[in-house]
Amino acid sequence: MSVATLARTRRAQALGRKWGDCLADDDFVALPGTELAGWFPPADLERLAATWEHLPRDEAVSGGVVRERRYGRLTATREATGEWRFAALPHRAFQQTAEHIPLHGGRARMFSPIPPETLTDPVLSALIALDLDIISAVVPQTSRFEVGLHQMRVLATPGAPGSPTPEGRHRDGHDFIGMHLMGRVHCAGGESVVHREGRPPTRMTLTERLDSLVVSDTRITHEVTPTVADGATGVRDMLLVDINER
């Protein structure tokens, strides 16, 4: 492990504990992209973000929604040092119950796989590790997780708003979810809304690269408002990290 990677790992572990306390108290935590982006050499961050330029069309959505997507799976194991070790899992269809996402009726959806070189990208690994460090403050007894990764691009045109969550307010059916903005151009809207029982909704808009949100999916519901093109085609790129205890 390089000196820079070790320093980033230790910083993530320390901030994970701090942000994990917020997750434990509020069931969600918002992370500033301006702070996270400073962890990585700009060229490394650009290399990962560029992989969103080659996503295939998501044919599972209809009604004018234009979305592109890839999917991948990993196991994550916490070692005695506190560092995370990742291993790729075989590619398979992605499935959510109709109870959680009625829109798709519980159907298995097969998405194109995330290429191995992207699954092992050090920036991607560091973002997943950060999510896990935060979550570990809530479930410290768990040292093994299954991780689902979604590279998603939602497009908006002047005549057709983008729909980041065509299913509306929902739970995804996971223990935790990390949401990381990878790019956003030529669009307005796309407000993230967190709903907690007995409290007013919390609203925020992810605008800077790596602006992030980690939520306890079993305890809250969430949604994203439509994006509206600002002249040219609007683009909103997200990395979604589904995390389940194993």
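No experiment lies behind these values; they were computed from the predicted model shown.

Rules and cut-offs
Residues numbered from 1 in each chain as written. Predicted model: local features only at pLDDT ≥ 70, side-chain atom pairs only at ≥ 80, totals over all residues. Heavy atoms only, no water. Helix = DSSP H or I, 4+ residues; strand = E, 2+ residues; numbered from the N terminus. Buried < 20%, exposed > 50% of the residue type's maximum accessible area, 1.4 Å probe, protein only. Contact = heavy atoms within 4.5 Å. Pairing = 2+ DSSP bridges. Axes fitted to C-alpha atoms, helices over the stretch in contact; angles between N-to-C directions. Salt bridge = Lys/Arg side-chain N within 4 Å of Asp/Glu carboxyl O. Arc of directions from axis to C-beta.

**Brief notes about the overall build of the chain**
Logical step 1: When its secondary structure is counted, the chain shows five helices and 14 strands.
Logical step 2: Counting every position in the chain, which comprises 246 residues, the buried fraction comes to 51%.
Logical step 3: If you take every contact in the chain between residues at least 6 apart in sequence, the share linking residues at least 24 apart comes to 78%.

**Notes on the side chain of E68**
Logical step 1: Here E68 lies in strand β2 (residues 66-78).
Logical step 2: Those residues in contact with E68 that sit more than four places away from it in its chain are L55, P56, R57, D58, Q151, M152, R153 and L155.

**Things to note about the sheet that holds strand β14 (residues 234-245)**
Logical step 1: The strand order across the open sheet built from seven strands is β1-β11-β7-β14-β6-β2-β3, with neighbouring strands paired in antiparallel fashion. Each of the sheet's edge strands pairs with one partner strand only, and the pair in question is β1 (28-31) and β3 (84-88). Strand after strand, the sheet turns through a mean of 20° between neighbouring axes, direction not considered.
Logical step 2: Pairing of strand β7 (residues 176-185) with strand β11 (residues 212-216) involves five bridges; the strand directions are antiparallel. Counterpart to M179 in the pairing with β11 is L213.
Logical step 3: Strand contacts of helix α5 (residues 122-136): β1, β2, β3, β6 (144-156), β7, β11 and β14, with the helix running at about 120° to β3, the strand carrying the most contacts.

**Overview of the sheet that holds strand β10 (residues 202-205)**
Logical step 1: One open sheet accounts for three strands, arranged β10-β9-β12; its pairing is antiparallel. Of all the strands in the sheet, the pair left with one neighbour each is β10 and β12 (221-224). Neighbouring strand axes in the sheet, compared pairwise and without regard to direction, differ in orientation by 20° on average.

**Some details on the environment of H54**
Logical step 1: Looking at the secondary structure, you find H54 in the loop between α3 (42-50) and β2.
Logical step 2: Take H54: its relative accessible area is 57%, and that puts it in the exposed class.

**Quick word on the pattern of salt bridges**
Logical step 1: In total, this model carries 15 salt bridges according to the counting rule given.
Logical step 2: A salt bridge links R219 to D27, with the shortest nitrogen-to-oxygen separation between them at 2.8 Å. A residue pair is termed long-range when its members are at least 10 positions apart, and R219 in the loop between β11 and β12 and D27 in the loop between α1 (3-26) and β1 qualify at 192 residues.
Logical step 3: Take R219: its relative accessible area is 54%, and that puts it in the exposed class.
Logical step 4: A relative accessible area of 13% means that D27 is categorised as buried.

**Description of α3**
Logical step 1: All buried positions along α3 are accounted for by L45, L48 and A49. The arc that holds the buried residues of α3, viewed along the axis, is 100°, so those residues lie on one side.
Logical step 2: On its buried face, α3 is in contact with α2 (33-37), α4 (116-119), α5 and β7.

**Thoughts on the environment of M110**
Logical step 1: Among the structural elements, M110 can be located in the loop between β5 (108-109) and α4.
Logical step 2: Not counting residues within four places of it along the chain, the set of residues in contact with M110 comprises H91, R92 and A93.

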